[in-house]
Amino acid sequence: MSTENAQPHAETKEFQAEVKKLLDIVIHSLYTEREIFLRELVSNAADALEKYRHQSLLEEETFDSHLPLEINIEVDDDKKTVTITDTGIGMDRGELEGNLGTIAHSGSKTFFTKLDDAAQKDVNLIGQFGVGFYAAFMAADKVTVQSRSYRMDDAGHQWESDGVGSFTISTCPGIRRGTKIILELKDDAHEFAADTRIKSIIKRYSSFVSFPIKVAGEEINTVQALWARSKSEIKDEEYADFYKFVGNAVDEPLLRLHFSADAPLAIKALLFAPDSNIEKMGFGRTDPGVSLYCQRVLIDQHSKTILPEWLRFLKGVIDSEDLPLNISRQALQDNALVAKINKVVTSRFLKQLGETAKKEPETYEKFWDEFGAFLKEGVVSDFTHRDALGKLLRFESSASEPGKLISLAEYVERMGEEQKEIYYINGTSRDDIEAGPYIEAFRKRDLEIIYTVDPIDDFVFSHLAMFDEKQLVSADRGDLKLPGDKDEESEEEKSEEVKAEEKATEGLTAWMKEVLGDKVKEVLESKRLEDSPAIIVNPDAFMTSSMERLMRSSGQGGQQFGAKNLEINSHHALLQGLAELKKNDEPFAKSVVEQIYDNAMIQAGLMVEPRSMVERSYEILARVVKP
Ligand code: ADP
Ligand code: MG
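All figures in this text were calculated on a predicted structure; none of them were measured in a lab. Per chain, residues are indexed from 1 in the order of the written sequence. Lettering of chains starts at A and numbering of ligands starts at 1, both following the order in which they are written. A pLDDT threshold of at least 70 governs which residues receive local features in this predicted model, and a stricter bar of 80 or more applies before side-chain atom pairs are shown or counted, although totals over entire chains, interfaces and linings include all residues. In computing side-chain values, all of the structure's heavy atoms are included and hydrogens and water are not.

**Overview of the overall build of the protein**
Part 1 of the argument: Each helix is a run of H or I in the DSSP string that is no shorter than four residues. Each strand is a run of E no shorter than two, and both are numbered from the N terminus. Across its full length, the protein carries 22 helices and 22 strands.
Part 2 of the argument: The C-alpha atoms of the protein give 36 Å as radius of gyration, which overshoots the globular expectation for 627 residues (25 Å, by more than 25%).
Part 3 of the argument: Oriented by its inertia axes, the alpha-carbon framework of the protein measures out at about 120 × 45 × 45 Å.
Part 4 of the argument: Accessibility here uses a 1.4 Å probe with only protein chains present; expressed as a share of the type maximum, an area under 20% marks a residue as buried, one over 50% as exposed, and anything in between as partly exposed. Looking at the protein as a whole, 50% of its 627 residues are labelled buried. Throughout, the radius of gyration refers to the C-alpha atoms, and the reference size of a globule is 2.2 Å times the residue count to the power 0.38.

See below:
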């Protein structure tokens, strides 16, 4: 039907005051994201189709019941028009006047309540809003709506306006059920009179609308909104295809989460973890890959707010019908509803990861291998989910086979009755850790210790702090006290021999401290060493050696970090020999002390000054090979 069919019994009416104001903004200042007018009109058409489908089930008879339920879009490049036709519920005269002449309906009303005077002047801010039907005036300087209600006894009507102050309604007989909207494009909006442009806008915003959308006869939205269907009906290949579509991907997804909730919020989510972590491959920071929809219509593509940043590797869709379609991107950021959806979906995802770890350990291992770094980032940055994330962390430990990973929960399960803390030590590799002095005390006591081989791990543990109410303790802490350690014997209990030995050691440690000066905080007799002569430990519980390495490598903190303690094993042959050497050749004995310190620092993974260290060690070697 064309506009020429309109009958003359026309009636012109003023727009409601708020509508005038809104239209004024739309016409004069809205230019950003102008293409959303199409999203709004297509959404209205889809709503109308949905309403018709519902109504047709209730009524005995509806007008034009044979029409297929669909949306058609035609452009006319000569006349510079875009026409959107639906076979939905339609509007009678009163509805045309009420719905398109006042703001009584949901969408634009939110727009208005959100918009204060200051915002109304800010073109950018306004541009981020959807304004419902009136968005048509962003692109058109004249809009004609022809509509025929589904009711048998109605007739067609036409509504037209230039969006300035008034609209005109007249009768329009002989038209089909539904609504046709003809946009006469503004001079600077002629780009929209091209099929290709229209198709790409429809693909972007309206790909999942549940009625066919045809542009010049070609159906554009052929991909189904898989998330809205029930899980049991969906095949794996369908999921994989969908992933490739929404994730713009070529790989097969590693994991997926498909869930829906009705209370407290209506949420449907379909999320995928890709096969591999692009960030790990050195492609820089990934952009978020999950988009926010409201009833299958795009609200925020690759949303920065709908999931925490550390879940940026996920791809997929979150749909909530509780969200207003017309919400601005600005408003999304501090929207309480969005925050709630974020929390619910994140918790669900973490819960599912836990289940996967149990039921499909190999899949989880692969996931951890690829995306574990993101979960660690979550522990450090996201207090809300910290405890849940703690359960998903994986490490090697003294009790695991090389290359196999354990969870903190497994560690806790194996803990003996006396053990109250969870122990860990950082090093560059399992071999490196096992060759070093830090695990001697654990080996001797048969205590399990976690190996944290990722430089970031100690940072992660310092944020996690506790797991299952047990403190996480680095084995290079100065105040380490292991289960089974006896308290100091009282002076009276000690034999004369022990007392003499202690005195000798005290003499040695005091002298060593003198030699090392400010390089160490204290030199102490060690309770933890078995085979090694010396070990560096940290009096400051936060500044473990690994943390120090991390901070140095990121250029923080300058040169001076918390001073270390040097613990010595006075029963070791080297220390016993040293005590003798000190009596005969003190200058040389001092060199040996410096070398012991440097060696212990190297074993702690900390930097020493290489030039003097090498010179000194040659000096010592020269003495050894002297005939
Ligand atoms: P909203 O969609 O948020 O209600 P709109 O400004 O987009 O706000 O639309 C206003 C009203 O106009 C709708 O609620 C609906 O009743 C009516 N309407 C708009 N487009 C159509 C259509 N194609 N068919 C039937 N009714 C429509
Ligand atoms: Mg609408």
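Back to the text.
**Comments concerning a nonpolar patch on the surface**
Part 1 of the argument: There is a patch of nonpolar side chains on the surface, built from Ile278, Met281 and Phe283 and spanning about 340 Å² of accessible area.
Part 2 of the argument: Structurally, the position occupied by Ile278 is in the loop between β11 (267-273) and β12 (289-294). Patches here are clusters of residues that have more than 30% relative accessible area and form no salt bridge, with a 9 Å joining cutoff for like charges and a 5 Å cutoff for nonpolar side chains (Val, Leu, Ile, Met, Phe, Trp, Tyr). Only the protein chains shown count as covering a residue, and every accessible area follows the Shrake-Rupley method with a 1.4 Å probe. Should a side-chain nitrogen of Lys or Arg be within 4 Å of a carboxyl oxygen of Asp or Glu, the pair is scored as a salt bridge.

**Focus on the confidence of the model for the protein**
Part 1 of the argument: Values of pLDDT, which run from 0 to 100, indicate the predictor's confidence residue by residue. Residues of the protein with pLDDT of at least 70 account for 91%, and the chain-wide mean is 89.
Part 2 of the argument: Here residues 1-6 is a poorly scored stretch, pLDDT under 50, and it has 14 contacts once near neighbours within four places are set aside; other chains count.
Part 3 of the argument: Should any heavy atoms of two residues lie within 4.5 Å, those residues are counted as being in contact. Segment residues 123-128: pLDDT under 50, and 21 contacts once partners within four positions in sequence are set aside and those in other chains are kept.

**Details of the sheet that holds strand β22 (residues 564-568)**
Strand pairing in a sheet relies on backbone hydrogen bonds. The paired strands run either parallel or antiparallel.
Part 1 of the argument: If you trace the three strands from one edge of the open sheet to the other, you get β20-β22-β21, paired in mixed fashion. Among the strands making up the open sheet, the edge pair consists of β20 (520-525) and β21 (534-537). The average angle at which neighbouring strand axes cross in this sheet is 20°, direction not considered.
Part 2 of the argument: Two elements, β21 and β22, share four bridges in a ladder whose sense is antiparallel. Within β22, the residue paired with Val537 across the bridge is Asn565. Should DSSP find at least two bridges between two strands, the strands are regarded as paired. Axis lines are fitted through C-alpha atoms, for helices just across the contact stretch, and the angle between N-to-C directions can take any value from 0 to 180 degrees.

**What to know about the pattern of salt bridges**
Part 1 of the argument: Counted under the stated rule, the structure contains 41 salt bridges.
Part 2 of the argument: Residue Glu14 pairs with Lys20 through a salt bridge whose shortest N-O separation is 2.6 Å.
Part 3 of the argument: Of the charged contacts in the structure, one is a salt bridge between Glu218 and Lys199, with a shortest N-O distance of 2.8 Å. Residue Glu218 is found in strand β9 (residues 218-219), and its partner Lys199 is found in helix α8 (residues 195-206); the two are separated by 19 residues along the sequence.
Part 4 of the argument: Among the charged side chains, a network of salt bridges with common partners joins Glu11, Lys13, Arg93 and Glu97.

**So, the pairing of strand β10 (residues 255-261)**
Part 1 of the argument: Among the seven residues that make up β10, five are buried, leaving the element largely enclosed by the rest of the structure.
Part 2 of the argument: Taken together, the seven bridges between β10 and β11 define a ladder with antiparallel strand orientation. Among the inter-strand pairings, Ala261 is bridged to a residue of β11, identified as Ile267.
Part 3 of the argument: Linkage of β10 to β11, two consecutive antiparallel strands, is achieved through a turn of five residues.

**Structural notes on empty space enclosed by the protein**
Part 1 of the argument: As defined here, a cavity is a set of points on a 1 Å grid over the protein atoms alone where a 1.4 Å probe fits but cannot get out. A pocket is an open set with protein on both sides within 12 Å along at least five of seven lines, and residues line them when an atom is within 4 Å of a point. Grid points are joined across faces, edges and corners, and a volume is the space filled by probe spheres set on the points. Under the defined criterion, the tally for this structure stands at three cavities of 30 Å³ or more.
Part 2 of the argument: The computed volume of the second largest cavity comes to approximately 70 Å³.
Part 3 of the argument: As for the second largest cavity, its lining consists of Pro288, Gly289, Val290, Ser303, Lys304, Leu307, Pro308, Glu309, Leu311, Arg312 and Leu314.
Part 4 of the argument: Asp, Glu, Lys and Arg are counted as charged, while Ala, Val, Leu, Ile, Met, Phe, Trp, Tyr, Cys and Pro are counted as nonpolar; the rest, among them Gly, fall into the polar class. Looking at side-chain class alone, the lining of the second largest cavity contains six nonpolar, two polar and three charged residues.

**Observations concerning the domain arrangement of the protein**
Part 1 of the argument: Partitioning the protein into structural domains gives domain 1 (4-219), domain 2 (226-361), domain 3 (393-474) and domain 4 (496-625).
Part 2 of the argument: For domain 3 versus domain 4, the separation of C-alpha centres amounts to 25 Å.
Part 3 of the argument: The partner domain 4 presents 17 residues to the 16 residues of domain 3 that form the contact.
Part 4 of the argument: When two parts are put together, the accessible area they lose, computed with a 1.4 Å probe and summed over both, is reported as buried area. For the pair domain 3 and domain 4, the two sides together bury roughly 1300 Å², of which 56% comes from carbon and sulfur.
Part 5 of the argument: Joining domain 3 to domain 4, the criterion identifies one salt bridge.
Part 6 of the argument: Its salt-bridge partner being Lys444, residue Glu530 comes within 3.3 Å of it at the nearest N-O pair. The domain boundaries here were taken from an automatic or database domain assignment.

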